[in-house]
Each structure stands twice: as structure tokens, then as C-alpha cells.
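Here are the chains, one letter per residue:
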Amino acid sequence: MNKIAFTICSINYLAQAKTLGDSLTKQNPDYQFFIGLVDRLEGSAVDRTKLPDYELVEVEKLTIEGFADMFDRYNITELNTAVKPFFLQYFYDKYPEAQTVSYFDPDIEVFEPLSDLDQNLEHYSLVLTPHTLSPYPDGLNPKERDLLNTGVFNLGFIGTSRTAETIEFLKWWQQKLRFECFIDLANGMFVDQLWVNFAPIYWQKVLIYRHLGYNMAYWNLHERNLGFKSEKYFVNVDQPLVFFHYSGYNPEKPTHISKYQNRYSFETRPDIKALFDGYAKTLQTNGYEYFQQFACAYMKPPVPWTYPRRGQRPRKWAIKQLKKLIEMVKTI
């Protein structure tokens, strides 16, 4: 086993994780796929026979120093992203034969072999995909200003190879995400993603990969059209669709491409409708409705009053708490 791919999710996202794993290993049988679970199986009511047939690595198994403080510090979205470099390090440490370890968000589906990625990781430490390769045509969402806030690269995917440079990068990334993995745009933070803007500057062997078929998603639909021929999807006529990222898609709202965009609909982009319809059916087959019922063990219950978190602006915090207080008064 010299090539590892993994995702990170909680129990409620296991249908997506299984869909990713099945599609990835079908196209890449030489990959070993894992699911990093930011959740606890022990104590949950989940039927073990319904779990995906992949090794689930619970986050507590990583014995991350200060993890209890991270759990206390972050909400569930922040926590799921904060542990990413720790999982990358875990797989390199546990499997010394692994030469590459790549991360994929659970809401991704793979359609082609990752041969380009494999070849690139023979020469580079990191492979990153930009959100977009060309300007947006209008003022709809998303826009360039959004990417200035959230990051040039989409960290729903990152490819890494076993090099000294990668290990140095992971240690730096871990240190940043221990304490500064908030969703706090006003203070220059957007989970794990915004930090990686620095990667091509701080490290030499970082590839910014411009293949149109890698990480196609709502944020780059303006520059990518999908076609289907010979039982395969192609981007802009001749580039194979390697993987699609269904970020912000909810199969319970099948008419919406993504909750994060308002530029396109399936009426204006009929080229992608069959792709989404197929994905929705696969999710249902893989237990979407069943897994959705489980709340994450690390999900914090809502509280009527909290103190400012590190990095949170006091005025913004005070306004938020005042709104909570008003809502409480309304219920009295």
C-alpha cells in the first residue's frame, strides 16, 4: 500500500463518504481508502452492519495534543477542518510504506483514475486546485471578493507526497489550526483553507494544478461545461472529468445546485443535471436518510449565553448575544 486517500466526516455524512470511497476505489483499485471519523461510534445507536466497508479511524485515536481544548474551542465545522493535517500526519506515521496521502471532502465523486495526480506527486510535495482559473462574468455569487475571504485554493482536496517539505508543511499547518481555525472573516480566518494561501510562497515543491477536470464545482461552473460521450463525462469537450465536488448540495432540495451560489440553476445549466440526479440516487442507496438522523458526539448543544471566543470581535460578539437575549425574552 503506497497510495492512501481519505476523507473526514461525522456519522451523519457517512453516505457521502461511502459514495466517495466507492467511486475512488473503483477507478483507482491501487488506492487504500479510509474515513476519518470526527465522532464516536461507542455509545451511538448506529447499526454497525450499515457502516461503509472502509476502515473508520476515530479522531480520538490520533491522540492529538490539546484535542479536548480544540473540541471546546471550535464548532463542529471548525473542528472537522482543524484535524485535517493531523490525519495526514497520522497516515504517514502509521503506514511507512505510503508514499502519497491525499484528502478528499466526503461530498466528492471520482470518475477517472487519478493518474495525473500520481505522476505529479512524484515531483511535488503538495498539489492544490484553485477555486477558479478565470474571472467571474458578473456580480452574482460567488465572486472574487468571496475567494479573498475564504481562500484562493479549495481544500476539499489536497494531494501530498512523503517528503521532508510535506512534513514541515504539516507541522506548520497543525500549529495554525490548533488555535486559529475559526470561521471569522473579519479577523482573516476561514477554517483550514485560508492558511494554505501561503503554501506556494513558503514551500518550493507546490503544484497549482490547473486541470479543468479536477475539483469541478459550483465555484467554477462559469468556465467549465460538461459533456457526455462514450460513457464518460468531459469538461469543455476534451478534458475528462476526474472528480466533481458537490459542495453545498442538499439532495432534499434537488432543484438547487448549491446553497452557496445564485449564478446558475439546473434550467440554465442542463449539462450538469444528470450528474446531480445520479449522485442523489447513489446517496439514497448508500443510506443518506438513515445516517442523517445521527447527531455528532462533538456537536455542542445551543446555549443562551457564551463568552467571546479567541479571535472574535467583542462588538460582534455583543450584538450576537443581544439577539439571543431578545429571542429568549420573546419566549417568556
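### Observations regarding the overall build of the chain
Part 1 of the argument: A tally of helices and strands in the chain yields 11 helices and 15 strands.
Part 2 of the argument: For the chain, whose C-alpha radius of gyration is 20 Å, the value lies close to the compact-globule estimate of 20 Å for 332 residues.
Part 3 of the argument: For the chain, the spread of C-alpha atoms along the principal axes amounts to about 65 × 50 × 45 Å.
Part 4 of the argument: The contacts of the chain with a sequence gap of at least 6 include a subset with a gap of at least 24, amounting to 75%.
Part 5 of the argument: Summed over its atoms, the accessible surface of the chain is roughly 16200 Å², and 54% of this surface lies on carbon and sulfur atoms.
Part 6 of the argument: Across the chain, the centroid of the 37 positively charged side chains sits 6 Å from that of the 39 negatively charged ones.

### Considerations on the nonpolar core
Part 1 of the argument: In terms of nonpolar packing, the biggest core is built from 57 residues, with Leu14, Phe104, Leu114, Leu241 and Phe243 touching the most fellow members.
Part 2 of the argument: Beyond its immediate stretch of four places on either side in the chain, Phe104 contacts Ala5, Phe6, Thr7, Leu20, Leu24, Leu114, Gly156, Phe157 and Phe243.
Part 3 of the argument: In terms of nonpolar packing, the next biggest core, distinct from the first, is built from 47 residues, Met70, Ala82, Leu88 and Leu170 among them.

### A few points about the confidence of the model for the chain
Part 1 of the argument: Here the chain averages 92 in pLDDT, while 90% of its residues score no lower than 70.
Part 2 of the argument: Low pLDDT, under 50, characterises residues 328-332; the predicted model gives this stretch one contact beyond four residues in sequence or across chains.

### What to know about the packing of helix H4 (residues 84-94) against helix H7 (residues 164-179)
Part 1 of the argument: Running from N to C, H4 and H7 point in directions that differ by 145°, and their axes come no closer than 8 Å. You can see that H4 and H7 cross each other, and the crossing is left-handed. Taking contact as the criterion, the partners of Lys84, Pro85, Phe86, Leu88, Gln89 and Tyr92 in H4 are, on H7, Thr166, Ile167, Leu170, Trp173, Gln174, Leu177 and Arg178.
Part 2 of the argument: When the residues that make up the contact of H4 with H7 are grouped by side-chain class, the tally is eight nonpolar, three polar and two charged.

### A short note on the pairing of strand S7 (residues 157-161)
Part 1 of the argument: The buried fraction of S7 amounts to five of the five residues, a majority that puts the element mostly inside the structure.
Part 2 of the argument: Residues of S7 alternate between two faces, with Phe157, Gly159 and Ser161 on one and Ile158 and Thr160 on the opposite face, all of them buried.
Part 3 of the argument: With five bridges joining them, strand S4 (residues 100-104) and S7 adopt antiparallel strand pairing. The partner of Val101 across the bridge, within S7, is Thr160.
Part 4 of the argument: Note: strand S6 (residues 126-128) against S7, two bridges, orientation antiparallel. Each bridged residue has a counterpart across the sheet, and for Val127 the counterpart in S7 is Gly159.

### Quick look at the pattern of salt bridges
Part 1 of the argument: This model, assessed by the stated rule, comprises 10 salt bridges.
Part 2 of the argument: The salt bridge partner of Glu223 is Arg224, with a shortest N-O separation of 3.1 Å. Each member of the pair, Glu223 together with Arg224, is buried.
Part 3 of the argument: Each member of the salt-bridge network shares a partner with another, and the members are Lys3, Asp30 and Asp118.

### What to know about the environment of Arg48
Part 1 of the argument: For Arg48, the location among the structural elements is in the loop between strand S2 (32-37) and strand S3 (55-58).
Part 2 of the argument: Residue class for Arg48 comes out partly exposed when judged on its relative accessible area of 42%.
Part 3 of the argument: Residues within four places of Arg48 in sequence aside, it is in contact with Leu41 and Glu42.
Part 4 of the argument: Engagement of the side chain of Arg48 in a polar contact is seen with the backbone oxygen of Val46, the distance being 2.9 Å.

### Here's the deal with the sheet that holds strand S15 (residues 243-245)
Part 1 of the argument: What the three strands build is an open sheet, ordered S5-S15-S11; its pairing is mixed. Pairing within the sheet leaves two strands with one partner each, and these edge strands are strand S5 (108-110) and strand S11 (214-216). Geometrically, the sheet is characterised by an average inter-axis angle of 25° between neighbouring strands, direction not taken into account.
Part 2 of the argument: Relative to S15, S11 runs parallel, the two being bridged by two bridges. Paired with Tyr214 across the strands is Phe243, a residue of S15.

### Topic: the sheet that holds strand S1 (residues 3-9)
Part 1 of the argument: Read across the open sheet, the seven strands follow the order S3-S2-S1-S4-S7-S6-S10; overall the sheet is mixed. Strands with a single pairing partner mark the edges of an open sheet, and in this sheet they are S3 and strand S10 (206-208). Going from strand to strand, the sheet's axes swing by 20° on average, the running direction of each strand aside.
Part 2 of the argument: Here S6 pairs with S10 via three bridges, running parallel. Its bridge partner being in S10, Leu126 is matched across the sheet by Val206.
Part 3 of the argument: In this fold H4 packs onto S1, S2, S3, S4 and S7, with an angle of close to 145° to the strand it touches most, S1.

Rules and cut-offs
Per chain, residue numbering runs from 1 following the sequence as it is written. Where totals are concerned, whole chains, interfaces and linings use all residues; where local detail is concerned, this predicted model gives features only for residues with pLDDT of at least 70, and gives and counts side-chain atom pairs only at 80 or more. To obtain the side-chain values, all non-hydrogen atoms of the structure were included, while hydrogens and water were left out. Secondary structure is summarised from DSSP: a helix means a run of H or I of at least four residues, a strand means a run of E of at least two, and numbering begins at the N terminus for each. Within these notes, the globule rule equals 2.2 Å times the number of residues to the 0.38 power, and the radius of gyration is based on C-alpha atoms. Contacts are assigned to residue pairs that have any heavy atoms within 4.5 Å of one another. Per-residue accessibility takes into account occlusion by the displayed protein chains alone, with areas from the Shrake-Rupley method and a 1.4 Å probe. Counting rule for charge: Lys and Arg are taken as positive, Asp and Glu as negative, and neither His nor the chain ends is counted. Charge coordinates come from a single atom per side chain, which is NZ of Lys, CZ of Arg, CG of Asp or CD of Glu. For our purposes a nonpolar core is just a set of buried Ala, Val, Leu, Ile, Met, Phe, Trp, Tyr and Cys residues, chained together by side-chain atoms within 4.5 Å. Burial here depends on accessible area, computed with a 1.4 Å probe over protein chains only, as a share of the maximum for the residue type. Under 20% is buried, over 50% is exposed, and the range in between is partly exposed. Values of pLDDT, which run from 0 to 100, indicate the predictor's confidence residue by residue. Axes here mean lines fitted to C-alpha atoms, for a helix over just the part in contact, with angles spanning 0 to 180 degrees between N-to-C directions. Note on convention: the crossing is left-handed when the near helix lies turned anticlockwise from the far helix by less than a right angle, right-handed when the turn is clockwise. Side-chain classes follow a simple rule in which Ala, Val, Leu, Ile, Met, Phe, Trp, Tyr, Cys and Pro form the nonpolar group, Asp, Glu, Lys and Arg form the charged group, and the remainder, Gly included, forms the polar group. By definition, two strands form a pair when at least two bridges between them are found by DSSP. A pairing counts as a salt bridge when a side-chain nitrogen of Lys or Arg comes within 4 Å of a carboxyl oxygen of Asp or Glu. Residues adjacent in sequence count toward polar contacts only when both atoms are side-chain atoms; beyond that, a polar contact is any pair of N or O atoms within 3.5 Å, and within protein one must be able to donate a hydrogen and the other to accept it.

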